[in-house]
Amino acid sequence: MSARRIAAALLAVLGFSGSARAEPLPDGFVYLRAVDPTIVQEMRYYGPHNFIGRPIDGYQAPECILTRPAAEALARVQREAQASGLVVKVFDCYRPQRAVDHFIRWSKDVADQTMKTAFYPAVDKADFFKLGYVAEKSGHSRGSTVDVTLVPADARAPETYVPGKTAPVDCRAGYTERFRDNGLDFGTDYDCFDPASHPDSTAVGVVARHNRALLAELMGTHGFKPLPEEWWHFTLRDEPFPQTFFDFPITAPQAR
């Protein structure tokens, strides 16, 4: 690695981002679309359709960035899914530490309940830390964790979320009642902070349990391990940076 790239990677880890937009990705990271452009990207933290209700710090472009091994493994998941008429869609990939810090600040402002109905209808926001929904560090910041769903290859475009106009719906509601993101029925919406989102929850229907098992099998076959609390969350077992939490911003390829 050149001295310049070593310096850029070190600055990213330490949280100094002054010239991050002009620098290449740290060694070992890639844009997912450069590895597999057929994987659908709906990067929720770039816009307002998330549990905070506004764009998250560090998301300067709606791009999925991952370590190369994680991106290549996800591409293998995509090929297997496509053989069954399905497509992988990602909601979040690498997450800068500054985004995690944004989550922490928000969680401490218990008066801000803007997105409660749609994302944490039965959870007291004051308990987010205790319940593990927000933590000071996230596996996403290591670059090999991804939030995913499965979409029928012939699915229509997802519903467009419009702040102030899209009516909030309980993320545990029935499949036809929830926000229509065009994915298969997994029993809850993405980022639904509720026990019903646990992969082994029996609070969801038979179809949702089948789809959760299918997703877990696909991801597990290609080297990802699940999270007990979230059906959508998977981390590469042999992640290349298991102890490093990065903080470079997410920008479009041409901006670097």
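Residues numbered from 1 in each chain as written. Predicted model: local features only at pLDDT ≥ 70, side-chain atom pairs only at ≥ 80, totals over all residues. Heavy atoms only, no water.

A. View of the layout of surface pockets. A volume near 500 Å³ is recorded for the largest pocket. Around the largest pocket, the lining is made up of 28 residues, and of these Gly 132, Ser 138, Leu 227, Glu 230 and His 233 lie nearest the centre. The set of elements that each furnish at least two residues to the lining of the largest pocket consists of α4 (97-108), β5 (145-152), β6 (224-227) and β7 (230-236). In terms of residue count, β7 provides more of the lining of the largest pocket than any other element does, four residues in total. In the lining of the largest pocket, the residues fall into 13 nonpolar, seven polar and eight charged. When its volume is computed, the second largest pocket comes out at roughly 310 Å³. Lining the second largest pocket are 23 residues, with Ala 118, Thr 166, Ala 167, Pro 168 and Val 169 positioned closest to its centre. Considering only residue class, the lining of the second largest pocket consists of ten nonpolar, five polar and eight charged. (1 Å grid on protein atoms, 1.4 Å probe; cavity = no way out; pocket = protein on both sides within 12 Å on 5 of 7 lines; lining within 4 Å. Points joined across faces, edges and corners; volume = space filled by probe spheres on them. Helix = DSSP H or I, 4+ residues; strand = E, 2+ residues; numbered from the N terminus. Nonpolar A, V, L, I, M, F, W, Y, C, P; charged D, E, K, R; others polar.)

B. The arrangement of the state of the cysteines in detail. Enumeration over the complete set of coordinates arrives at two disulfides. Here Cys 171 connects covalently by a disulfide to Cys 192, the sulfurs 2.0 Å from one another. One disulfide, between Cys 171 and Cys 192, carries an S-S torsion of 55 degrees and so falls in the right-handed class. Highlighted residues: Cys 171 in the loop between β5 and α7 (206-221) and Cys 192 in the loop between β5 and α7, separated in sequence by 21 residues. (Disulfide = S-S within 2.5 Å.)

C. Structural detail: the side chain of Thr 188. For Thr 188, the location among the structural elements is in the loop between β5 and α7. Separated by 3.2 Å, the side chains of Thr 188 and Ser 197 make a polar contact. Of note is the side chain of Thr 188, whose polar atom sits 2.9 Å from the side chain of Trp 231. Once residues within four sequence positions are removed from consideration, Thr 188 is found in contact with Cys 171, Arg 178, Ala 196, Ser 197, Arg 212, Trp 231 and Trp 232. (Polar contact = N/O pair within 3.5 Å; in protein donor to acceptor, adjacent residues only side chain to side chain. Contact = heavy atoms within 4.5 Å.)

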